[in-house]
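# Reading the structure
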Amino acid sequence: MTWLSFVFALGFVSIHLFSKSLKLMKVLPRSRFLSVAGGISVAYVFLHLLPELSIFQKDLLGELENSGLLFIENHIYLIAMTGLVVFYALENSVKVSKKKNKHEENPKAAIGVFWLHIASFTLYNGIIGYLLVREEYGNSLGMTLFFVAMGVHFITNDKGLRATHQEDYDRYGRWLLAAAILIGWGIGAFAEVHEWIISVLTAFLAGGVILNVLKEELPEERESSLLAFTTGLISYSILLLLL
């Protein structure tokens, strides 16, 4: 299914480059689509990624003996929590930076904070690109569901990053995030990485997805829709459970 994964990788790239032009992103108040997207992403994390971590943990037992990474064998969920904390810290640094520039007409984060923020999402996207080709889906439907979950998640992330960094995101950020997908896919397609590394990447991604979804859904000014969020979560959960 390598060819299909490449098609989906190109789909992810297209989302980053052209999501700004989607009409549904311009609906005010906040598009219900974004809440549906959040529900889909959360369902994927809790019904696929997190259960997969328990499998990874079993597989890792005995693999890292006499290694400084031995703790991962029994604490893979700590990596997921680390992913959540890392992205929370990044979001907090962006808010602090914007407050310092609040006297400007359109306050935005300092350029150094921008690059740190984009670098973290570049790694994030690279992991998703890698898992697109290296994840064990079982069949093409499983890969398609992964593409749907991460695709709508990318649309939500794009909107948030564009609102935060404005023209800097369109000028630099979206291109780097799109390139990271292809780089991650290339590594997955042409290089073999040890199982414990895949475990860590998956765990880190799970934590990051949870934080990035919640930070888009919870703030009052987002005007999120609980009904739309729940609809996306339940509908996608049913698909995963029937897979």
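In this text, all values refer to a predicted model and were calculated from it rather than measured experimentally. (Residues numbered from 1 in each chain as written. Predicted model: local features only at pLDDT ≥ 70, side-chain atom pairs only at ≥ 80, totals over all residues. Heavy atoms only, no water.)

## A short note on the environment of F33
- Among the structural elements, F33 can be located in helix α2 (residues 32-60).
- C-alpha of F33 to C-alpha of G232: the two residues are 199 residues apart in sequence and 8.9 Å apart in space. (Helix = DSSP H or I, 4+ residues; strand = E, 2+ residues; numbered from the N terminus.)

## Structural notes on the side chain of H117
- Mapped onto the fold, H117 is located in helix α4 (residues 111-134).
- Residue H117 is classed as buried on the basis of its relative accessible area, which comes to 1%. (Buried < 20%, exposed > 50% of the residue type's maximum accessible area, 1.4 Å probe, protein only.)

## Regarding helix α1 (residues 2-18)
- Relative to the 24 Å expected for 17 residues at 1.5 Å per residue, α1 spans 24 Å between its end C-alpha atoms, a close match to the ideal helical length.
- For α1, the full list of buried residues reads L4, S5, F8, A9, G11, F12, V13, I15, H16 and L17.
- If you follow the buried residues of α1, they end up packed against α4, α5 (140-165) and α6 (167-190). (Expected span 1.5 Å × (residues − 1). Contact = heavy atoms within 4.5 Å.)

## Observations regarding the UniProt feature "transmembrane region" (unreviewed entry) in the protein chain
- Sequence positions flagged by UniProt for "transmembrane region" (unreviewed entry) are, in local numbering, residues 6-25, 32-50, 70-90, 111-131, 137-155, 175-191, 197-214 and 226-242.
- For residues 32-50, the end-to-end C-alpha separation is 26 Å, with 100% helix and 0% strand making up the annotated structure. (UniProt positions renumbered as here; feature names shortened; annotations may be inferred.)

## Observations concerning helix α8 (residues 226-242)
- Relative to the 24 Å expected for 17 residues at 1.5 Å per residue, α8 spans 24 Å between its end C-alpha atoms, a close match to the ideal helical length.
- Within α8 the residues assigned to the buried category are A228, F229, G232, Y236, S237 and L240. The buried side chains of α8 occupy one side of the element, clustering within an arc of 155 degrees when seen end-on. When the buried face of α8 is taken as reference, the exposed residues oriented beyond 90 degrees from it are L226, L227, L241 and L242. (Arc of directions from axis to C-beta.)

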